[in-house]
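Reading the structure
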Amino acid sequence: MDPHIVVFIADEFRSDGLGHMGNPAAVTPNADRLLRDGVSFRHVYCQVAECTPSRASFLTGWYPHTRGHRNMASMLRPDDPILIRRARDAGYLTWWGTGRSFDPPDPAFGMDAYCEISYDGKTRCDLEVVGRSKPKDSSHHTGPIDDAEDLEFPDWYASNEAVDMIRRTPIDRPLFLHLDLAAPHPPYRIGRTYYDMIDPDRLPPRIPAPCDWSGLPSRYHLAWQTNRTVQGWTETRWNELRRTYYGACARVDDQLGQVIAALKDRGIYDDTALFFFSDHGEMLMDHNLGGKSARHYDAVIRIPLIVAGPGLKQGSTCDLFVQHEDICPTVLDMHETLLEQHPRPLSRRGVGDGHPVCAGRSLIPLCKGEQVSGWRQSAFSESFGNL
């Protein structure tokens, strides 16, 4: 039987949000232990630092511009070769779970066009809880909240449903589970327990704003000038926001741990390929900028990626340049024929002319510790209207 596949995605999770990436403040024991069963890629870059087009890239293996997925409104189309539908057609039991209401594919298409079972944690979110914990200014910063309120956010509903799905998975059919969480995306808020896990004295130094903005895109300086709310903040206040963010990363890791535990309890962990990554990073007040407003800083386009599973080299790291679009062909390569059947992207001369099967490349040879010739020497990232 083909391996079970779990795709676990965190939103706006920086590459240094993981402890094994060298951040002394990060509390991510489950992701760090997952490395024992696979490979951590240290130089992974998203193709665009924006939620929706980024997902379009890693769910198809194509560049975002291939079919015009250029902004938050550019949802995947029903005829796009979305990864989970390819798995369903190959006989996988497919489950899609998310706490985000705008994730592609657009729910208006009907999730049954893509998978057999879907769950939208957003529909069960207590909107009053969201309202109570909203930031009171343009900093998107709330800080620690009561643990009881934290448990009412949609990520918990989605992750709990994912665990239940694993527990009831039939043993005689491979499972494809896609769990896409909202954290640690702003607003910056987290339950007190996770906030307290982060030692503020261990936070890595923040990259300060440049003394001279000349030579940098003018919109970066403008973003800083117009965000007057945070201009008077002290470093202590900056660090409180950063502590909140890394607390949210710790919660994501806790939810990853629950999924791993469910796989082990079900007796299928050793037969599961698990992918952990994010859609893009987060400025986190480096250069005095927040969110993903600065599209091409390393903090925004560099992401974590761990691939664990049977037959892979365990406990290893890879320093080669990897791109978001490599994830789709890697998942497809877990199946004997899916990768070679994947549709070729469009070109100006017609479908597939001069293009490989995917714009991305399968990482399976690297995951097995094999030497690969002709690997890329740089990474590609684009933006549409925002430098």
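Described in the following lines is the structure provided in the data block.

1. Details of the overall build of the protein
The number of helices and strands found in the protein is 13 helices and 13 strands. In the protein, which comprises 387 residues, the share counted as buried stands at 58%. Sequence-distant contacts in the protein: of pairs separated by 6 or more residues, those separated by 24 or more amount to 76%.

2. Quick notes on the environment of Thr-60
Tracing the sequence through the fold places Thr-60 in helix H2 (residues 51-60). Owing to a relative accessible area of 3%, Thr-60 belongs among the buried residues under this scheme. In the structure, Thr-60 is positioned 299 residues away from Ala-359 in sequence and 9.2 Å away in space, judged by C-alpha atoms.

3. Focus on the pattern of salt bridges
Taken as a whole and assessed by the stated rule, the structure comprises 17 salt bridges. With a closest N to O distance of 3.3 Å, Arg-14 and Asp-286 form a salt bridge. With a gap of 272 residues between them, Arg-14 in the loop between strand E1 (4-11) and helix H1 (29-34) and Asp-286 in the loop between strand E8 (272-278) and helix H10 (298-301) connect regions that are remote in the sequence. The same class applies to Arg-14 and to Asp-286, which are both buried. As a salt-bridge pair, Asp-279 and Arg-55 come within 2.8 Å of each other at their nearest N and O atoms. A residue pair is termed long-range when its members are at least 10 positions apart, and Asp-279 in the loop between E8 and H10 and Arg-55 in helix H2 qualify at 224 residues. Accessibility classification places Asp-279 together with Arg-55 in one group, the buried group.

4. Quick look at the nonpolar core
Counting 59 residues, the largest nonpolar core has Leu-177, Leu-179 and Phe-276 as the members making the most contacts within it. Counting residues per element, this core draws most heavily on helix H9 (residues 235-266), at 11 residues. Each residue touching Leu-179, except ones within four places of it in the same chain, is listed here: Val-7, Phe-8, Ile-9, Trp-95, Gly-97, Ala-158, Ser-159, Ala-162 and Val-259. Counting 38 residues, the second largest nonpolar core, distinct from the first, contains Leu-59, Leu-83, Ala-87 and Val-307.

5. Some words on the pairing of strand E2 (residues 38-45)
Walk down a regular strand and you will see the side chains alternate between the two sheet faces. Of all the 8 residues making up E2, 6 are buried; the element is thus mostly covered by neighbouring parts of the structure. Sheet topology note: the E2/strand E9 (residues 302-308) ladder contains 6 bridges and is antiparallel. Each bridged residue has a counterpart across the sheet, and for Phe-41 the counterpart in E9 is Leu-305. Relative to strand E10 (residues 316-318), E2 runs parallel, the two sharing 3 bridges. For Val-39, the partnering residue across the bridge sits in E10 and is Ser-316. Sheet topology note: the E2/strand E11 (residues 322-323) ladder contains 2 bridges and is parallel. Bridge pairing links Val-44 to Val-322 in E11.

6. What to know about unusual backbone geometry
Residue Pro-184 is reached from Ala-183 by a cis peptide bond, and omega for that bond is 0°. In this fold, Pro-184 is placed in strand E6 (residues 175-184). The amide bond that connects Pro-186 to the next residue, Pro-187, takes the cis arrangement and shows omega of 5°. With respect to the element layout, Pro-187 can be found in the loop between E6 and strand E7 (188-191). Positive phi, normally seen in glycine, also occurs at Glu-12, with a value near 70°. Within the fold, Glu-12 resides in the loop between E1 and H1. Even without a glycine there, the phi angle at Met-285 is positive, about 70°. For Met-285, the position within the fold is in the loop between E8 and H10.

7. Considerations on the packing of aromatic side chains
The full count for this structure, using the stated rule, is 7 aromatic pairs. Taken together, the ring pairs in this structure connect Phe-8, Phe-13 and Phe-276 into an aromatic cluster. A cation over an aromatic ring shows up here: Arg-206 above the ring of Trp-238, its NZ or CZ 4.7 Å from the ring centre.

8. Here we look at the side chain of His-4
With respect to the element layout, His-4 can be found in strand E1. Only 2.9 Å separates the side chain of His-4 from the backbone nitrogen of Leu-175, close enough to count as a polar contact. Beyond its immediate sequence surroundings of up to four residues, His-4 is in contact with Tyr-92, Arg-173, Pro-174, Leu-175, Ile-268, Asp-271, Thr-272 and Ala-273.

9. A look at the packing of helix H6 (residues 154-167) against H9
Orientation of H6 relative to H9, taken along the N-to-C sense of each, is 10°, at an axis distance of 8 Å. Viewed along their axes, H6 and H9 adopt a mutual orientation that is roughly parallel. Residues Asp-155, Trp-156, Ser-159, Asn-160, Val-163, Ile-166 and Arg-167 of H6 form the contact with H9, whose participating residues are Arg-251, Asp-254, Gln-255, Gln-258, Val-259, Ala-262, Leu-263 and Arg-266. Residue composition of the contact of H6 with H9, grouped by class: 6 nonpolar, 4 polar and 5 charged.

Cut-off values and rules
- Residues numbered from 1 in each chain as written.
- Predicted model: local features only at pLDDT ≥ 70, side-chain atom pairs only at ≥ 80, totals over all residues.
- Heavy atoms only, no water.
- Helix = DSSP H or I, 4+ residues; strand = E, 2+ residues; numbered from the N terminus.
- Buried < 20%, exposed > 50% of the residue type's maximum accessible area, 1.4 Å probe, protein only.
- Contact = heavy atoms within 4.5 Å.
- Salt bridge = Lys/Arg side-chain N within 4 Å of Asp/Glu carboxyl O.
- Core = buried A, V, L, I, M, F, W, Y, C linked by side-chain atoms within 4.5 Å.
- Pairing = 2+ DSSP bridges.
- Phe/Tyr/Trp six-rings, centres within 6.5 Å; stacked < 30°, edge-to-face > 60°.
- Lys NZ or Arg CZ within 6 Å of the ring centre and 35° of its normal.
- Polar contact = N/O pair within 3.5 Å; in protein donor to acceptor, adjacent residues only side chain to side chain.
- Axes fitted to C-alpha atoms, helices over the stretch in contact; angles between N-to-C directions.
- Parallel < 35°, antiparallel > 145°, perpendicular 65-115°, else oblique.
- Nonpolar A, V, L, I, M, F, W, Y, C, P; charged D, E, K, R; others polar.

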